[in-house]
Amino acid sequence: AIQQALGAVRLLWALPLGKQDLFVSMVWPAIAPALQDLHRRSYMPRKAAVSALFVLAYAASLLPEALTYVETQPERGEILSFVESKAMISIGQGRPDEVVQEAPWVWLYALVLERFWHPASQTCQVLLSKAKNLLQEGAKERTAASVLSSIAAASLLGALAPKVDAAEQCEIFLLLRQFQAPGKPAGVVDSRFVIGVTEDNGRWDRVRLEEFEDLHRMQGEGLGRIQEWRDASAVVLVAKWRALSQIASSPGFYDSLSAHVHGDMAEVATDILEELDSLQTPHVAYWAIVARRLAYPAYFQPNVPSDKQEETLQQLCRCIRGFISQSIGDSAVYMSRGCMLELAAALCDPQLRAAEQRLGASALTASVRELLALGEVGTGVSRSVTVPLLATLLAETVSPDCQASSLASSADLLTALLMHSEYTIKDGALCHSTMPCAGALDPHGPGASAALSSTVPDGETLSKKFGGTTGLPRILTLTALDALAKKSEGQMPGIIREVLTRLLGTLRTELQSLLDRPGGNNKPLTPMPLSPQHRLQLRGWQAILILGCHAKNDKETAEMLLSELFWHLRTPHLPDVRDYQELLGCLLCASFQDLAMRHLVPALGRYDCNNQVSASLLVICSFLFRHWICLSAPPPHAVQLLVAVVPYLGHNSAYVRGTASWGFYELMEVAKANGAIEVGEECGKLLLDLHRFLATNRECQKMRRRLR
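Keep in mind the model is a prediction, meaning the values are calculated, not measured. Here the residue numbers are simple positions, counted from 1 along each chain's written sequence. Reporting in this predicted model follows two pLDDT cut-offs: at least 70 for local features of residues, and 80 or more for side-chain atom pairs to be given and counted; totals over whole chains, interfaces and linings ignore these cut-offs and use all residues. Side-chain measures here rest on the full set of heavy atoms in the structure, leaving out hydrogens and waters.

Visitor: What is the right way to read the side chain of His550 from this model?
Guide: A helix here means a DSSP run of H or I that spans at least four residues, while a strand means a run of E at least two residues long, and both kinds are numbered starting from the N terminus. In this structure, His550 sits in the loop between helix H28 (532-548) and helix H29 (555-569). In what follows, residue pairs with any heavy atoms lying within 4.5 Å of each other are defined as contacts. Beyond its immediate stretch of four places on either side in the chain, His550 contacts Asp482, Ala485, Lys486 and Met492.

Pasting the structure below:
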């Protein structure tokens, strides 16, 4: 019955029927007869009751108007009364055989209470009190009913806790944190033994990974079902840490808990951090939220000794990196996308980053580098790290308290992202991987969609557009840095200048390795197309072009870029790399013409060079000529550059010769009309004769017409 209810609700949600009034018009009329007098109709078959309750709770997750509509219906009180009576039995307020038989349905009762219960209601107040007392007292004996009742109490308390007041939340938080999953009861020798009477509850065989470790499914469908004894610990640990994460995310809870424990938050934080060693997936994802919300701000403070902080920092980074690494490789452990994302967010949290910089450590930076290296051979790792890392680093670099060491470390990590190529699942011409923020459990965390939107303009659109490529982390990083430069209002941010310096250093090292390889004078000076060296040059020059165009008002940075650019222009590059170089040269030379003359004229004077080198230099010169044509009169140094171009009119390469003749003719046309070139000047008559030839020759006229 539950399977059919799940399929029916999901089908209605998926069909294009319009979801605004779907619940009111179709779902509620179908389940309302079963929900009326639900508490009083003890003769109703269990399958009718549980399927109606599940349809109600599941529809509230998918259909937008379900919650508000149910609040106005008189059946709501009846539903909560029925669930409370069944939940009371499951926590031991009934015969032992009834406790065992209700255990497989605790997930459903918790889901209904999580959706529809309010603390202002008198319903479930007794349930809340009994569940707390049961956890405080602990299991007194190892019978099946005693073990299952404590598991049910923890699960139900976790569903109710996020909605109670702050003082009670603190009490429940401490109770759940100290609660440990009970083992098998006495007499149960195999954890695969079935709980309860199977004929009464039925069977729904589903893959265990989907049932107990898919966190995204739990958000809508509730906790896993307890059908065997091995299911009990899996469910209660997820219920425990899920409740702790929801409580920790409540506004102002840190201050409330600090007051509740009389300011001794360091001890609470220590216990939370030490528990990481004993956790496994998937509940470690919820631990990551609790650690970011409570443990980090309480532990990494001046009142804790620095040596202990550094030791804990190294252990945290090592454990989190180890958890993520376990999900990659031949003997990998399954890890849901939300679990990996929350672990990455806990690793790249701003508080942990600030602690690393304050302590002079490098554990976090080293762990991020290792994860990025792992992301080149395992899918999903790079995308999980990218968004929280960008949110943390960019917020740090714009802070007025940012130290030089922090800036350098951030630039190293951002450069690694810009040069990164992640691993994806190849499918012919397509690539597949998870989306950057898919499955995020904390909507306000550094790995959520809100962080992506605030850090990367149009981040959601870019993720959809480039999600099927291996360059998504690089594109998000480049877009975020570009947006940061635009906000600086003409002043080049220090982090971008540092990133540009490292990019240029990487490209120089790569080019020098190509030039120094053995092979004599006949060796190729360019890498093989689409080889790793070629792709690295493409990624590097693409980033330098996007970020370097913001140096139009920063002469110091522009001079650094032009010096490196013209050093690279001496050597042939593949055409797509050369396009980025030429565009950057055109932009910066037009903005700083004195720097352009300083580099272009000597470069044009070296005649014994590759044809491609000459062509790139002349493209930049022609762009300057076109820029000067738009002026009322060419600048004084235009003639100097014009004279440097003249020898290339006799070049043996048609492309070089054609580029030189076009630029020469266009500038001479304007200079002659403005009187900038006179016959009496040095070389003036020669320049005029060359211009006259280009203006009157039929083939030259034909070429210019084709270029219009």
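Alright, that's what it looks like, and here's the rest.
Visitor: Any chance you could explain the packing of helix H30 (residues 575-591) against helix H32 (residues 611-629) here in plain terms?
Guide: Relative orientation and spacing of two packed helices are given, respectively, by the angle between their axes and the distance between those axes. The interhelical angle for the contact between H30 and H32, taken along N-to-C directions, is 35 degrees, at an axis separation of 9 Å. In this structure, H30 meets H32 at a crossing whose hand is right-handed. Contact residues: H30 offers Pro575, Arg578, Glu582, Gly585, Cys586, Cys589 and Ala590, while H32 offers Gln612, Val613, Ser616, Val619, Ile620, Phe623, Leu624 and His627. Three classes are used, and their members are as follows: Ala, Val, Leu, Ile, Met, Phe, Trp, Tyr, Cys and Pro are nonpolar, Asp, Glu, Lys and Arg are charged, and the others, Gly among them, are polar. Here the contact of H30 with H32 is composed, by residue class, of 9 nonpolar, 4 polar and 2 charged. The axes used here are C-alpha line fits, helices contributing only the stretch in contact, and every angle between their N-to-C directions lies in the interval 0 to 180 degrees. When the near helix sits turned anticlockwise from the far one by under a right angle, the crossing is termed left-handed; a clockwise turn instead gives a right-handed crossing.

Visitor: Before we go on, may I ask you to explain the pattern of salt bridges in this structure?
Guide: Pairing of side chains with opposite charge becomes possible as their charged atoms draw close. For this analysis, a salt bridge means a side-chain nitrogen from Lys or Arg found within 4 Å of a carboxyl oxygen belonging to Asp or Glu. Scanning the model with the defined rule gives 28 salt bridges in all. The salt bridge involving Asp442 is made with Arg293; its shortest N-O contact spans 3.0 Å. Taken together, the positions of Asp442 in the loop between strand S2 (430-432) and helix H24 (449-455) and Arg293 in helix H17 (residues 284-299) put the pair 149 residues apart, joining distant regions of the chain. Judged by relative accessible area, Asp442 falls into the buried class, the value being 3%. Here's how the labels work: a residue is buried when its accessible area is under 20% of the maximum for its type, exposed when over 50%, partly exposed in between, all with a 1.4 Å probe on protein chains only. Classification of Arg293 by relative accessible area gives partly exposed; the value is 26%. Among the salt bridges present, the one from Glu396 reaches Arg353, with a minimum N-O distance of 3.1 Å. Of this pair, Glu396 sits in helix H22 (residues 381-397) while Arg353 is found in helix H20 (residues 350-359), placing the two residues 43 residues apart along the sequence. Just as Glu396 is buried, Arg353 falls in that class too.

Visitor: Explain the packing of helix H8 (residues 125-137) against helix H9 (residues 144-160) to me, please; I cannot follow it from the model alone.
Guide: Where H8 contacts H9, the axes come no closer than 9 Å and their chain directions differ by 130 degrees. Our classification of the angle between H8 and H9 gives oblique. Of the two elements, H8 crosses H9, and the hand of that crossing is left-handed. Residues Leu127, Leu128, Ala131, Lys132, Leu134 and Leu135 of H8 lie in contact with H9, whose contacting residues are Ser149, Ser150, Ala153, Ala154, Leu156, Leu157 and Leu160. Counted by class, the contact of H8 with H9 contains 10 nonpolar, 2 polar and 1 charged residues. When an angle is under 35 degrees it counts as roughly parallel; over 145 it counts as roughly antiparallel; between 65 and 115 it counts as roughly perpendicular; any other value is oblique.

Visitor: Would you explain the packing of aromatic side chains in this entry?
Guide: Between two aromatic rings, the relevant description is the distance of the centres plus the angle of the planes. Between 30 and 60 degrees the pair is tilted, below 30 it is stacked and above 60 it is edge-to-face, where a pair is any two Phe, Tyr or Trp rings, Trp via its six-membered ring, whose centres lie within 6.5 Å. The final tally for this structure, using the stated rule, is 11 aromatic pairs. Their ring planes at 65 degrees and their centres at 5.7 Å tell us that Phe54 and Trp107 sit as a pair that is edge-to-face. Here the residue Phe54 occupies a position in helix H3 (residues 46-62), and Trp107 occupies one in helix H7 (residues 106-116), the gap between them amounting to 53 residues. Using a relative accessible area of 6% as the deciding quantity, one classes Trp107 as buried. Relative to Tyr648, the ring of Tyr607 lies with its centre 5.9 Å away and its plane at 65 degrees, an arrangement referred to as edge-to-face. Taken together, the residues span a long stretch of sequence, with Tyr607 in the loop between helix H31 (593-604) and H32 and Tyr648 in the loop between helix H33 (638-645) and helix H34 (654-674) at a distance of 41 residues. By relative accessible area, Tyr607 is classed as exposed at 52%. Given the relative accessible area of 3%, Tyr648 is considered buried. Joined through ring pairs, the aromatic side chains of Phe54, Tyr58, Trp105 and Trp107 make up one cluster. Both a distance and an angle decide whether a charge sits over a ring: NZ of Lys or CZ of Arg must be within 6 Å of the ring centre and within 35 degrees of the ring normal. The ring of Tyr423 carries the charged tip of Lys426 above its face, separated from the ring centre by 5.6 Å. Sitting above the plane of the Trp567 ring, Arg508 keeps its charged end 3.9 Å from the centroid.

Visitor: Sorry, what's going on with the environment of Gln593 here?
Guide: With respect to the secondary-structure elements, Gln593 resides in helix H31. For the pair Gln593 and Leu273, spaced 320 residues apart in sequence, the C-alpha to C-alpha distance is 58 Å. Beyond its immediate chain neighbours, meaning those up to four positions away, Gln593 contacts His627, Trp628, Pro635 and His637.

Visitor: Before we go on, may I ask you to explain the state of the cysteines in this structure?
Guide: A covalent bond bridging the sulfur atoms of two cysteines is what the word disulfide describes. Pairs of cysteine sulfur atoms within 2.5 Å are what we label disulfides. All told, the structure shown has 0 disulfides when counted by the stated rule. Of the cysteine sulfurs around Cys348, a residue in no disulfide, the closest is that of Cys317, at 9.1 Å. Look at Cys348 and you get buried, because its relative accessible area is 2%. In this model Cys402 remains outside any disulfide bridge; the closest cysteine sulfur is found in Cys348, 16 Å from its own.

Visitor: I keep staring at unusual backbone geometry and nothing clicks. Help me out?
Guide: Comment: phi is negative for the bulk of residues other than glycine, and the bulk of peptide bonds are trans. Geometrically, the link from Thr281 to Pro282 is a cis peptide bond, its omega value of 5 degrees lying close to zero. Along the chain, Pro282 turns up in the loop between helix H16 (265-274) and H17. Phi is positive for Asp458, which is not a glycine, with a value near 55 degrees. You can see Asp458 is positioned in the loop between H24 and helix H25 (459-466). A positive phi is found at Leu530, a non-glycine position, where the angle reads about 65 degrees. Examined against the element boundaries, Leu530 turns out to sit in the loop between helix H27 (494-516) and H28. Since its relative accessible area comes to 56%, Leu530 is described here as exposed.

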